[in-house]
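For reference, the chains in residue letters:
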There are 4 protein chains.
Amino acid sequence: MGITLQQAQAAIQAAHQKCLEMGVKMNIAVVDAGANLTAFIRMDDAWLGSLDISIRKAKTARYFDMPTGAIGGLSQPGGSLFGIEHSNGGLITFPGGLPIKDADGHVIGAIGVSGSTVEDDHAVAEAGMKAIEHQ
Amino acid sequence: MGITLQQAQAAIQAAHQKCLEMGVKMNIAVVDAGANLTAFIRMDDAWLGSLDISIRKAKTARYFDMPTGAIGGLSQPGGSLFGIEHSNGGLITFPGGLPIKDADGHVIGAIGVSGSTVEDDHAVAEAGMKAIEHQ
Amino acid sequence: MGITLQQAQAAIQAAHQKCLEMGVKMNIAVVDAGANLTAFIRMDDAWLGSLDISIRKAKTARYFDMPTGAIGGLSQPGGSLFGIEHSNGGLITFPGGLPIKDADGHVIGAIGVSGSTVEDDHAVAEAGMKAIEHQ
Amino acid sequence: MGITLQQAQAAIQAAHQKCLEMGVKMNIAVVDAGANLTAFIRMDDAWLGSLDISIRKAKTARYFDMPTGAIGGLSQPGGSLFGIEHSNGGLITFPGGLPIKDADGHVIGAIGVSGSTVEDDHAVAEAGMKAIEHQ
């Protein structure tokens, strides 16, 4: 459904390479169009709690076809989606999750990254996403 | 308990029709007086994450016999019901869920809609609710 | 992903019609290729506990692309898949769930039925499945 | 903890290669000494329900430092561990999960495979395990 294993592994590899360049230790997850895990790696000594977060970020990005941070902007106190994190068994709505599109603009999956600051997480996710979208 | 399948399907159909007029893709759920799912549809290409949210909205509206958005007004930081979303396996307290009453004003079920802005979600839920209440 | 809402509703309607002919009260669920709920109805006075079972049967049939009863044949004590029901948040492996294929033989979703004997459940699921496969 | 990402990826790659030789489509999971997911792949069109099972097999093998099938031999009706599958959020106790040891015989992680018969699942898990143990 959507992304192939070959594409998912290419995204993981590009994201991993980015981590090595940045000197960060991450959990990196890729889900398919059905929001099901397709490929995953956890770097040595990466935060243990980030394992679950990386997978939830990837799922959240596919659940709503937008960057996780965009949802977080709407789910703050007083925001229109306040509390949406309680749905779907637990969402993560801060940056680090991005949908992945094919050449026609259709969402074929998503990538989620966790293990450092949200800025770093986002940068690594973007590197993974671009490995597929810009092929 | 309360709403019949025939009524639930009438509500779903009216809500679906409203979606087509508005050009939105929604998940639409109807629960009975026991807050149990009675009828459900997911429109093609509707957000995957909205499936769970639509059902939670319908349940939340029946759990407290009020629009989900009214609960959300009380569950903000500092509000009297802050954190109520943690109960009942996870509530959704932003707009899009409405109780459905019979001619005598008794709540017989509820409808929950998710897939667009909360304003759109509410408008579709209202269309479904009115198909039963105003018969 | 896979089955359309229109197809899912056709399957539900055919299965519902079969229930009326047989004089049984059922919960009927259809999931798409991603095992996500696409359409659902619960007939008036159908067993409340069958709501969850019907959805799990549909998901189980899609998870392994085979009738639920076929899995149950392998998950008995001493069987090769003993205890598989503990996976995926809980499977149901007795009859009443069937995959639905398109004209090319690809699985596009599944139907799950619960509310009577497993023989009745299977007969109703088959009626729903055939409404799509034999179009 | 225990297995490194590099080792886990070597195990995944060897197991994947074995799948291609056997013509089977598998979900393959590797966990570390803490039973936390370290690497994972799902082959295109592998059973959706096997995603969860492969991860549970890997965890189960590490939880008790023995092949999953060995536990299943003890968890049958009348057996000394009857019902152990109810622990730890759900175990899978049929073949396809194997602990992975270092040169000193210490368990450093485990591999879990699901997607075909339990014999095939076991053969693929063994290929992955040997890529590390016999280095």
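Definitions and limits used
Residues numbered from 1 in each chain as written. Chains lettered and ligands numbered in written order. Predicted model: local features only at pLDDT ≥ 70, side-chain atom pairs only at ≥ 80, totals over all residues. Heavy atoms only, no water. Least-squares fit on C-alpha atoms with pLDDT ≥ 70 in both. Contact = heavy atoms within 4.5 Å. Axes fitted to C-alpha atoms, helices over the stretch in contact; angles between N-to-C directions. Helix = DSSP H or I, 4+ residues; strand = E, 2+ residues; numbered from the N terminus. Parallel < 35°, antiparallel > 145°, perpendicular 65-115°, else oblique. Left-handed = near helix turned anticlockwise from the far one by under 90°. Nonpolar A, V, L, I, M, F, W, Y, C, P; charged D, E, K, R; others polar. Salt bridge = Lys/Arg side-chain N within 4 Å of Asp/Glu carboxyl O. Buried < 20%, exposed > 50% of the residue type's maximum accessible area, 1.4 Å probe, protein only.

As named in an unreviewed UniProt entry, chain A is Heme-binding protein, taken from Hymenobacter segetis.

J.: I'd like a rundown of the relation of the copies chain B and chain C, residues and numbers included.
T.: If you rotate chain B by 180 degrees and push it 0.1 Å along the axis, it lands on chain C with an RMSD of 0.1 Å. Both chain copies can therefore be described as sitting about a two-fold axis. The rotation axis passes nearest to the C-alpha of F40 of chain B in chain B, at a distance of 2.5 Å. Most of the interface of chain B is mirrored in chain C: 100% of its interface residues are interface residues there too.

J.: So what's going on with the packing of helix α1 (residues 5-22) of chain B against helix α4 (residues 118-133) of chain B? Residues and values would help.
T.: Residue and element names in this part refer to chain B. Following both chains from N to C, one finds α1 and α4 inclined at 140 degrees, their axes separated by 7 Å at the closest point. Here α1 is positioned oblique relative to α4, judged by the angle of their axes. For the crossing formed where α1 meets α4, the hand is right-handed. Facing α1, whose interface residues are Q7, A8, A10, A11, A14, A15, K18, C19 and M22, α4 presents D120, A123, V124, A127, G128, A131 and I132. Looking at the contact of α1 with α4 residue by residue, the class counts come to 12 nonpolar, two polar and two charged.

J.: Before we move on, can you summarise the pattern of salt bridges with the specific residues and values?
T.: All names here are of chain B. Here the structure, examined in full by the defined rule, presents 16 salt bridges over all chains. With a closest N to O distance of 2.7 Å, R56 and D52 form a salt bridge. Placement of both R56 and D52 in helix α2 (residues 50-64) is noted, with a separation of four residues, approximately one turn of the helix. Taken as a pair, R56 and D52 share a single burial class, namely buried.

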